[in-house]
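Take a look at the letters that make up each chain.
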Amino acid sequence: MGRFGSVLLYAFIAAVTCVMASRVQLPSLEEALWNGGERTRKSFQNRLYITGIFVILFFMAAIRFDIGNDYRQYTQTAHEANVGGYVVTEAGFNWLVRVLYWLAGGEYYELVFAVFAFVTILFFLKAFVRQSADFSQTFFLFMTFGLYFQTFNTVRYYLALAIALYSMKYVLDRDYISFAFWILAAALFHKSVLLVLPVYWICTFAWKRWHILAGLLASAACFLGKGFILKLALVLYPSYKNTVYLEGGVSWGSVLRILAVLGLYLWFVIYTGGAIREKDWYRELRFYGQLNLLAFVASTFYSFLPVVTRIAYYLGVSQLFMIPLIIKNIEDSRVRKRVTGVVFGVCVIHFLVFLLQAHRDGVGLLPYKSWLFESQRYTYK
């Protein structure tokens, strides 16, 4: 499939699944899911649409071949992990590969990618269902931000990201044991997720102005002393020594998106006035807002760190919940429709720009290929 055809395919998948998501109407806490021993019609339809979305996204990811900037590298890493060679991947990935290869009776790396796709998409959708103020809006952002298609890259990281998003509810509910359990489980596949243990907890508290000012001053000091900070980072991630990742640089696209979301947040706080602090959902909104502020700081002051965008994504992924929460709580229906329209338009433009750039080095999502129609395989001795 050529590049143009692949763009149309991605756009078609996004459009179909977003339409399906728009039909999902999650019940309120008071609504019953069962009636006379059978699921209600609404509950059945919701499960049908969500299952359909899962199947489409999983199938698309599971049958891909050589898609993503590190697909071939993962096939080699999986081989080394299976034969006991030197790898820098975490124990969870290494043992999972060995078990899957043992069950399959050979090095069928397609099975590894399929399992990661299954679990990653499952955690994303479970998080959307149980935590989002509006499932369809959150799913729309997930697709138009390009997050789903980016799961084709760095599969270990995006599994950890999905679990981190899923764990946000636990930290907000002060269920710290469950929160720690899921983050530690995710760390078996990508240890960078350990960062969220203290960060998510800190963001549940109300920050005062002097907290923010002190944090910005400390971040500026770290930027000035970036040589020393970089050495410390390489102690944790020695595999990044002498690699292109040390070049750093600001991802202006991510920074602009974070600034836009922070702007929406500030507008909403001003628009609603002081009464917002009395709402039962304000603590959740404040949590997301503070996470996005940290995402902005990480993407700018700490842009010299290796693949800092991964750190920022753990924070900025909260936008999937933050934007629908804001829109839902705009009481004036006319204002709500205008804000929804602006968000919709910006997201569609963002998605089109993403698709047009998805062939670049470091992304490698175009053209789409599937092992169903390819005779080539990567084999190692």
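Placed above this text is the structure.
The structure reproduced in this document is the subject of the present report. (Residues numbered from 1 in each chain as written. Predicted model: local features only at pLDDT ≥ 70, side-chain atom pairs only at ≥ 80, totals over all residues. Heavy atoms only, no water.)

**Brief notes about helix H17 (residues 333-356)**
The end-to-end C-alpha separation of H17 is 35 Å, in line with the 34 Å expected for 24 residues at 1.5 Å each. For H17, the full list of buried residues reads Val335, Val339, Val343, Cys347, Phe351, Phe354 and Leu355. Contact partners of the buried residues in H17: helix H1 (3-22), helix H6 (135-144), helix H7 (147-150), helix H13 (252-272) and helix H16 (319-328). One side-chain oxygen at the N-terminal end of H17 lies 2.9 Å from the backbone nitrogen of Arg334; it belongs to Asp332. (Helix = DSSP H or I, 4+ residues; strand = E, 2+ residues; numbered from the N terminus. Expected span 1.5 Å × (residues − 1). Buried < 20%, exposed > 50% of the residue type's maximum accessible area, 1.4 Å probe, protein only. Contact = heavy atoms within 4.5 Å. Polar contact = N/O pair within 3.5 Å; in protein donor to acceptor, adjacent residues only side chain to side chain.)

**Things to note about empty space enclosed by the protein**
The tally for this structure, following the rule as stated, stands at four cavities of 30 Å³ or more. Empty space within the largest cavity amounts to approximately 110 Å³. What lines the largest cavity is simply Phe145, Leu147, Ser254, Arg257, Ile258, Ala312, Tyr313, Gly316, Val317, Gln319 and Leu320. Counting only elements with at least two residues in the lining of the largest cavity, the list comes to H13, helix H15 (308-316) and H16. In the lining of the largest cavity, the residues fall into seven nonpolar, three polar and one charged. Approximately 70 Å³ is the volume found for the second largest cavity. Around the second largest cavity, the lining residues are Ala61, Arg64, Phe113, Phe116, Ala117, Thr120, Ile121, Thr151, Phe152 and Val155. The element best represented in the lining of the second largest cavity is helix H5 (residues 109-131), accounting for five residues. (1 Å grid on protein atoms, 1.4 Å probe; cavity = no way out; pocket = protein on both sides within 12 Å on 5 of 7 lines; lining within 4 Å. Points joined across faces, edges and corners; volume = space filled by probe spheres on them. Nonpolar A, V, L, I, M, F, W, Y, C, P; charged D, E, K, R; others polar.)

**Side note on the state of the cysteines**
Under the defined criterion, the tally for this structure stands at zero disulfides. With no disulfide of its own, Cys222 lies closest to Cys203 among cysteine sulfurs, the gap being 16 Å. (Disulfide = S-S within 2.5 Å.)

**Quick word on the side chain of Ser303**
Structurally, Ser303 can be placed in the loop between helix H14 (282-300) and H15. Residue Ser303 is classed as buried on the basis of its relative accessible area of 8%. Here the side chain of Ser303 touches Thr300 through a polar contact of 3.0 Å, landing on its backbone oxygen.

**Some points on the pattern of salt bridges**
Evaluated as defined, the whole model comprises five salt bridges. Put simply, Glu90 and Arg156 hold a salt bridge, and the shortest N to O gap is 2.4 Å. Note that Glu90 is positioned in the loop between helix H3 (71-83) and helix H4 (91-104) and Arg156 in helix H8 (residues 155-172), a separation of 66 residues in sequence. Across the salt bridge formed by Asp332 and Arg334, the nearest N and O atoms sit 3.7 Å from each other. A relative accessible area of 26% places Asp332 in the partly exposed class. (Salt bridge = Lys/Arg side-chain N within 4 Å of Asp/Glu carboxyl O.)

**Some thoughts on the packing of aromatic side chains**
Counting across every chain of the model gives 45 aromatic pairs. Between Phe54 and Phe118 the ring centres are 5.1 Å apart and the planes differ by 90°, which places this aromatic pair in the edge-to-face class. Of the two residues, Phe54 is situated in helix H2 (residues 41-62) and Phe118 in helix H5; the sequence distance between them amounts to 64 residues. Overall, the relative accessible area of 14% leaves Phe54 in the buried class. Given the relative accessible area of 37%, Phe118 is considered partly exposed. Where Phe128 meets Phe142, the ring centres are 5.3 Å apart and the plane angle is 70°; that geometry is what we call edge-to-face. You can see Phe128 sitting in helix H5 and its partner Phe142 sitting in helix H6, a full 14 residues away along the chain. Stacked on the ring of Trp95, the Lys or Arg Arg98 has its end atom at 5.0 Å from the ring centre. Note that Arg130 overlies the ring of Tyr166, its terminal NZ or CZ placed 3.8 Å from the centroid. (Phe/Tyr/Trp six-rings, centres within 6.5 Å; stacked < 30°, edge-to-face > 60°. Lys NZ or Arg CZ within 6 Å of the ring centre and 35° of its normal.)

**Considering the side chain of Asn46**
For Asn46, the location among the structural elements is in helix H2. In this structure the side chain of Asn46 is engaged in a polar contact, spanning 2.7 Å, whose partner is the backbone oxygen of Gln25.

**Observations concerning a nonpolar patch on the surface**
A surface patch of nonpolar side chains, amounting to about 470 Å² of accessible area, comprises Phe59, Trp371, Leu372 and Phe373. Since its relative accessible area comes to 71%, Phe373 is described here as exposed. (Patch = residues over 30% accessible without salt bridge, like charges linked within 9 Å, V, L, I, M, F, W, Y side chains within 5 Å. Areas by Shrake-Rupley, 256 points an atom, 1.4 Å probe, with all protein chains shown as cover.)

**Section: H4**
The end-to-end C-alpha separation of H4 is 20 Å, in line with the 20 Å expected for 14 residues at 1.5 Å each. Inspection of H4 places Gly92, Phe93, Asn94, Val97, Leu100 and Tyr101 among the buried residues, and these make up the whole buried set. Considering only its buried residues, H4 is in contact with H3, H5 and H8. Downstream of H4 by a residue or two, Gly105 has a phi angle that is positive, lying close to 75°.

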